[in-house]
Amino acid sequence: MIFFRGDRIRYLGRPDWGPGQVLADSRDGKVLVRFEAAGTMLLALSYAKIFKVRPCPAGMPGGYFPGREEGSGRLPSPRPNA
């Protein structure tokens, strides 16, 4: 996956770092990210399992949720009640 400056991300291996923002476009298999709780980190994309997120709609808890590829404009479908 390619990351661009301004993308919001999460690092699956370090949820305690909180959400991050990409500071520079990814290149050479690396990406520079500033995390809320951990500061600025240079991550190797072959090792770090990161994914893009989008801001939650106002009033929703958590602040972020996994999003689809940029530009899809669609939210994940809710699960039907059992």
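Here we summarise the structure given alongside this text. In this text, all values refer to a predicted model and were calculated from it rather than measured experimentally.

Reading the values: the criteria
Numbers given to residues run from 1 along each chain, matching the order in which its sequence is written. Two thresholds apply to this predicted model, a pLDDT of at least 70 for residue-level local features and 80 or more for giving and counting side-chain atom pairs, whereas whole-chain, interface and lining totals are computed over all residues. Hydrogens and water molecules were not included; the side-chain quantities draw on all heavy atoms of the structure. Only DSSP runs of H or I covering at least 4 residues are called helices, and only runs of E covering at least 2 are called strands; the numbering of each starts at the N terminus. What counts as a salt bridge is simple: a side-chain nitrogen of Lys or Arg found within 4 Å of a carboxyl oxygen of Asp or Glu. Within this scheme, the nonpolar core is defined by two criteria: the residues are buried Ala, Val, Leu, Ile, Met, Phe, Trp, Tyr or Cys, and they are joined through side-chain atoms within 4.5 Å. Categorising residues by exposure relies on relative accessible area from a 1.4 Å probe, with only protein chains included: less than 20% of the type maximum marks a residue as buried, more than 50% marks it as exposed, and the intermediate range marks it as partly exposed. Residues count as neighbours in contact if any of their non-hydrogen atoms are within 4.5 Å of one another. Here, a strand pair is defined by DSSP locating no fewer than two bridges between the strands. Note on aromatic pairs: the rings of Phe, Tyr and Trp (six-membered ring only in Trp) are paired at centre separations within 6.5 Å, and the planes decide the class, stacked below 30 degrees, edge-to-face beyond 60, tilted for the rest.

1. Focus on the environment of M41
Relative to the helices and strands, M41 is located in strand β4 (residues 39–44). Sequence separation of M41 and V31 is 10 residues, and the distance between their C-alpha atoms is 8.3 Å.

2. Here we look at the pattern of salt bridges
On inspection of all chains with the given rule, the structure shows two salt bridges. Note that D16 is salt-bridged to R14, the shortest N-O span being 3.0 Å.

3. What about the nonpolar core?
Generally speaking, soluble globular proteins have nonpolar side chains that are buried together. Listed in full, the 11 residues of the largest apolar core are F3, I9, Y11, W17, V22, V31, V33, F35, L43, A48 and I50. Per-element tally for this core: the top contributor is strand β3 (residues 30–35), with three residues. With sequence-adjacent residues up to four places away left out, V22 is seen in contact with F3, F4, R5, G6, D7, I9, V31, L32 and V33.

4. Some thoughts on the pairing of β3
Only one face of β3 is covered, namely the face carrying V31, V33 and F35; the face carrying K30, L32 and R34 is uncovered. As paired elements, strand β2 (residues 20–27) and β3 share five bridges and run antiparallel to each other. Residue Q21 lies in a different strand from β3, and its bridge partner there is R34. Sheet analysis places β3 next to β4, joined by six bridges and oriented antiparallel.

5. A few points about the pairing of strand β1 (residues 8–11)
Residues in a regular strand project their side chains so that they alternate between the two faces of the sheet. The two faces of β1 differ: I9 and Y11 on one face are buried, but R8 and R10 on the other face are not. Sheet topology note: the β1/β2 ladder contains two bridges and is antiparallel. In the sheet register, I9 faces β2, and the bridge partner there is G20.

6. Focus: the side chain of S26
Looking at where S26 falls in the secondary structure, it is placed in strand β2. In this view, S26 contacts I2, F3, V31 and L45; residues no more than four positions away in its chain are not counted.

7. What to know about the packing of aromatic side chains
Overall, the coordinates contain two aromatic pairs when judged by the stated rule. Consider the rings of Y11 and W17, whose centres lie 5.4 Å apart with planes at 65°: the pair is edge-to-face. For the residue pair Y11 and W17, the accessibility class agrees, reading buried in each case. Counting every residue linked through ring pairs, the aromatic cluster contains Y11, W17 and F35.

8. Focus: the environment of S46
Summarising the element assignment, S46 is placed in the loop between β4 and β5 (50–55). Assessed through its relative accessible area of 67%, S46 is described here as exposed. As a C-alpha pair, S46 and G29 span 17 residues in sequence and 6.8 Å in three-dimensional space.

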